[in-house]
Amino acid sequence: MSAQKRRTFKIEAFKHRVEIDPKYAERTWKVLEHAIHEIYNHNASGLSFEELYRNAYNMVLHKYGEKLYSGLVTTMTGHLKEIAKSIEDAQGSLFLEELDRKWGEHNKALQMIRDIMMYMDRTFVPSSGRTPVHDLGLNLWRDNIIHSSKIQSRLLDTLLDLIHRERKGEVINRGLMRNITKMLMDLGPVYQEDFEKPFLEVSASFYSGESQQLIECCDCGEYLRKAEKRLSEETERVSHYLDSGSEVKITSVVEGEMIANHMQRLVHMENSGLVNMLVDDKYEDLARMYSLFRRVTDGLLMIRDVMTLHLRETGRQLVSDPEKLKDPVDFVQHLLDEKDKYDLIISKSFNNDKTFQNALNSSFEYFINLNNRSPEFISLYVDDKLRKGLKGVSEEDVEVVLDKVMMLFRYLQEKDVFEKYYKQHLAKRLLSGKTVSDDAERSMIVKLKTECGYQFTSKLEGMFTDMKTSVDTLQGFYASQHAEIGDGPTLAVQVLTTGSWPTQPSAPCNLPTEIIGICEKFRTYYLGTHTGRRLTWQTNMGTADIKATFGKAQKHELNVSTYQMCILMLFNSVDRLSYKEIEQATEIPASDLKRCLQSLACVKGKNVLRKEPMSKDIAEDDAFYFNDKFTSKFIKVKIGTVAAQKESEPEKQETRQRVEEDRKPQIEAAIVRIMKSRRVLDHNTIVTEVTSQLQSRFLPNPVVIKKRIESLIEREFLERDKADRKLYRYLA
Amino acid sequence: MASVPSEKFREIYNFAFVWAKEKGQKSLALETAIGMWQLLFAEWHWSLVDHWCQFLQLKHNKAISRDTWSQLLEFAKTIDLQLSNYDEEGAWPYLIDEFVEYLTENGIVQRPRN
């Protein structure tokens, strides 16, 4: 096929202009104008949509869009002015109803008009930059109805009045309200400008007034209930007939007026404020306060601060009240109960808020450490539980109790003091065999190890090991003796490794001859199998079971301490002994001796000895007699005084001294560690670093740190810098 | 402060400690130290020397370490007689801290309270 010459096709417009008769435009407009009238007069049914559409189309096509548009504006405006008048004339409650009805009609009319004018809307309107028909209709409504001088303020007043009445408890026509506000929303910024802004202002003054009233006559709980109610009412109102965007604005107004402005007064209200709620465990009220105050700036901060202050004050009173400190176990139980109480409050009412947990922890840490006997008392509490308190308790419940104790332990600043006491108390428990459950003991050690590391518990574990080993040793001893023992006393020995057990320097007292034999046999046996060791009888820690026969041949078995045994055995050969004679014969230290004699002679039901004179205290010239007339309904009588108890003042001083001594090498070790790595450091930084390194055990005294530094200087571990005397250098 | 002690004086002062103490001991016996101080501070005058010696006999009654000895001269040199430029955080030996406390508690020096 050969290439044909391409010919371009062209479609040409009419070469001549098609003129429309101007009268035609006028005639066409009149038709449309009439139609609009009919539409507004509810006579639209007689109109032909097709015809009207065509007419409008033709006008635009023939360049009469301008005439059409302005005609539309004029016609609609005219109608709206009439509508405005009918609305203005409406009386009372009919006002809103009329407005609503007319609005509905206008919208229907507008839709029809827009449909008719659709071609103009799509062509003339955009090209001429005019407002589209629908929006035009809304704007005209706004300008001629809503902003009409006789309607504008009346509308706002009516709406606000209805809302006010509803707030006062009246039932209003919510459907109508919704329609009106929806109308305002449809008109663009009219809702915000004409309604929402004044609404918020009026609401603010309403709630300001109401909150003033309520705060004068309600207690805190009541007030909060009312505030909460108002808040939910407002939210509900919004959902029913206001724009959803208004919700956060109106709630913020209510929160501001009812809560933020009265926070202080509410929290501190006498007899019903926060502190009263805490004391009385008012969970619901507290939860309400929490959820309301959460909404305002620093609301929760205020609750937290007042709670902290209260906690610290009650805590401080608790740890300084001599009544409450009489019984250590009771005291610690109080602490645990207080912690439980607040844990419950935080969980039930404060949403387990971490910042509140922290405030609780810091408060406890504060007041527990105000009393320097807290470590001792907590150890005594554990001692009591492990000795008898946890008897028959399930394993899970034991864990619960021990975990609670650990939580208190964590608050202690002087953990090393606790360690000292725990060791002492544990030693007594182990040696007297008075522990309720081995598993519970072990569990406690594990918890301490997890918390403080292996070093804290290695000695404690050593104690358990010694107990076990002693059992084996004893078995071995008796196996080796067989026939030789016969009727003699039965010996049970615990061999304690010196480093692991709490050191209590004591020279052994004089043992009765009946015992010495078998003691020596054991010593020989043990040293035979363990060369290079040295054994010392710890007569201040032992117990004995002795059989005693009294006046009317009643036999009793007495469980006593070793010291007491030594004293009692003396009465096998004589009936009367003076204090001095007993002291000489036994060589028991004076304070211990007095205590033993007291428990043997002055305690009702346990007075196996008789004292002359019968006074409560032991004097150096007292005389003691075997009490023939002793009776007890129990065959086994326990007189031993080996149980752990609150230390006396001098004992306490001694323990504290030992603790201070123990701290010195720890501080020095920390200083050396730090200086070894940092080489050169100024004084204050050393103090800070040492404190931070040791804080898991105790809080070192800066003066003590200084003394240790000087000691290290003297021993040439450190020196002062030649140029700056505040700097220290590590000497390799 | 009348004058600043010379470098020579400082050398002599520090040497005095080494010379006066017992062979093999790290510290200087208190009596000897006091004697030395009386001597030395006659050469270069420090008006608090008598109070210092009294304080030591009352509250310390033990030997004097080398560090305390040398730091005392620094103290006498730098700190004015009203103790107004004494700083608790100044890393002074604890004995000197206690001496300052002793002076203020007994009203010997009125420290300006700021």
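Predicted model only: the values in this text are computed from it and were never measured.

The rules we used
Residues numbered from 1 in each chain as written. Chains lettered and ligands numbered in written order. Predicted model: local features only at pLDDT ≥ 70, side-chain atom pairs only at ≥ 80, totals over all residues. Heavy atoms only, no water. Helix = DSSP H or I, 4+ residues; strand = E, 2+ residues; numbered from the N terminus. Rg over C-alpha atoms; globule rule 2.2 N^0.38 Å. Buried < 20%, exposed > 50% of the residue type's maximum accessible area, 1.4 Å probe, protein only. Contact = heavy atoms within 4.5 Å. Areas by Shrake-Rupley, 256 points an atom, 1.4 Å probe, with all protein chains shown as cover. Pairing = 2+ DSSP bridges. Axes fitted to C-alpha atoms, helices over the stretch in contact; angles between N-to-C directions. 1 Å grid on protein atoms, 1.4 Å probe; cavity = no way out; pocket = protein on both sides within 12 Å on 5 of 7 lines; lining within 4 Å. Points joined across faces, edges and corners; volume = space filled by probe spheres on them. Phe/Tyr/Trp six-rings, centres within 6.5 Å; stacked < 30°, edge-to-face > 60°. Lys NZ or Arg CZ within 6 Å of the ring centre and 35° of its normal.

## Quick notes on the overall build of chain A
Across its full length, chain A holds 31 helices and nine strands. Against the globule reference of 27 Å for 732 residues, chain A gives a C-alpha radius of gyration of 48 Å, more extended than a compact globule. When its C-alpha atoms are laid out on the principal axes, chain A stretches across 155 × 80 × 65 Å. Within chain A, buried positions represent 44% of all 732 residues. In chain A, the share of contacts with a sequence separation of at least 24, taken over all contacts with a separation of at least 6, comes to 71%. For chain A, the exposed surface amounts to about 38,900 Å²; the carbon and sulfur share of it is 51%.

## Examining unusual backbone geometry
A cis amide bond links Glu612 of chain A to the next residue, Pro613 of chain A, at an omega of -10 degrees. Structurally, the position occupied by Pro613 of chain A is in the loop between strand 4 (609-612) and strand 5 (623-626).

## Some thoughts on the sheet that holds strand 5 of chain A
Residues and elements named next belong to chain A. With respect to topology, three strands assemble into an open sheet ordered 3-5-4, the strand pairing being antiparallel. Strand pairing shows two members of the sheet lacking a second neighbour, strand 3 (576-578) and strand 4, which therefore form its edges. Going across the sheet, the axis of each strand differs from the next one's by a mean of 25 degrees, ignoring polarity. Packing of helix 28 (residues 590-601) onto the sheet brings it into contact with strand 4 and strand 5, and relative to strand 4 it is tilted by some 110 degrees.

## Structural notes on the sheet that holds strand 2 (residues 555-561) of chain A
Residues and elements named next belong to chain A. One open sheet holds the three strands; their spatial order is 1-2-6, and the pairing between them is mixed. Only two strands of the sheet have a single partner each, and these edge strands are strand 1 (543-549) and strand 6 (636-638). Direction aside, the axes of adjacent strands within the sheet are offset by 25 degrees on average. Both strand 2 and strand 6 contribute to a ladder of three bridges, which runs parallel. When the sheet's bridge partners are listed, Leu558 is paired in strand 6 with Val637. Where helix 26 (residues 562-570) meets the sheet, its contacts fall on strand 1 and strand 2, and the angle it forms with strand 2 comes to roughly 130 degrees.

## Describing empty space enclosed by the protein
Using a probe with the size of a water molecule, rolled over the atoms, empty space left in the structure can be pinpointed. All names here are of chain A. On inspection of all chains with the given rule, the structure shows one cavity of 30 Å³ or more. Size it by volume and the largest cavity reaches roughly 30 Å³. What lines the largest cavity is Leu160, Ile163, His164, Arg167, Phe199 and Val202. Elements with a minimum of two residues in the lining of the largest cavity: helix 8 (149-167) and helix 10 (190-217). By residue number, the principal contributor to the lining of the largest cavity is helix 8, which donates four residues.

## Topic: the packing of aromatic side chains
The relation between two aromatic rings is expressed through the spacing of the ring centres and the mutual angle of the planes. In total, this model carries 42 aromatic pairs over all chains according to the counting rule given. Judged by centre distance (5.4 Å) and plane angle (50 degrees), the rings of Tyr191 of chain A and Phe195 of chain A are tilted. Residue Tyr191 of chain A and its partner Phe195 of chain A are both found in helix 10; the two are separated by four residues, about one turn of the helix. Take Tyr191 of chain A: its relative accessible area is 1%, and that puts it in the buried class. Owing to a relative accessible area of 1%, Phe195 of chain A belongs among the buried residues under this scheme. Between Phe364 of chain A and Phe367 of chain A the ring centres are 4.8 Å apart and the planes differ by 50 degrees, which places this aromatic pair in the tilted class. Taken together, the residues span about one helical turn, with Phe364 of chain A and Phe367 of chain A both in helix 19 (residues 354-368) at a distance of three residues. Both residues of the pair, Phe364 of chain A and Phe367 of chain A, count as buried. If you follow Arg429 of chain A out to its NZ or CZ, it ends over the ring of Tyr422 of chain A, 5.5 Å from the centre. Note that Arg725 of chain A overlies the ring of Trp92 of chain B, its terminal NZ or CZ placed 3.5 Å from the centroid.

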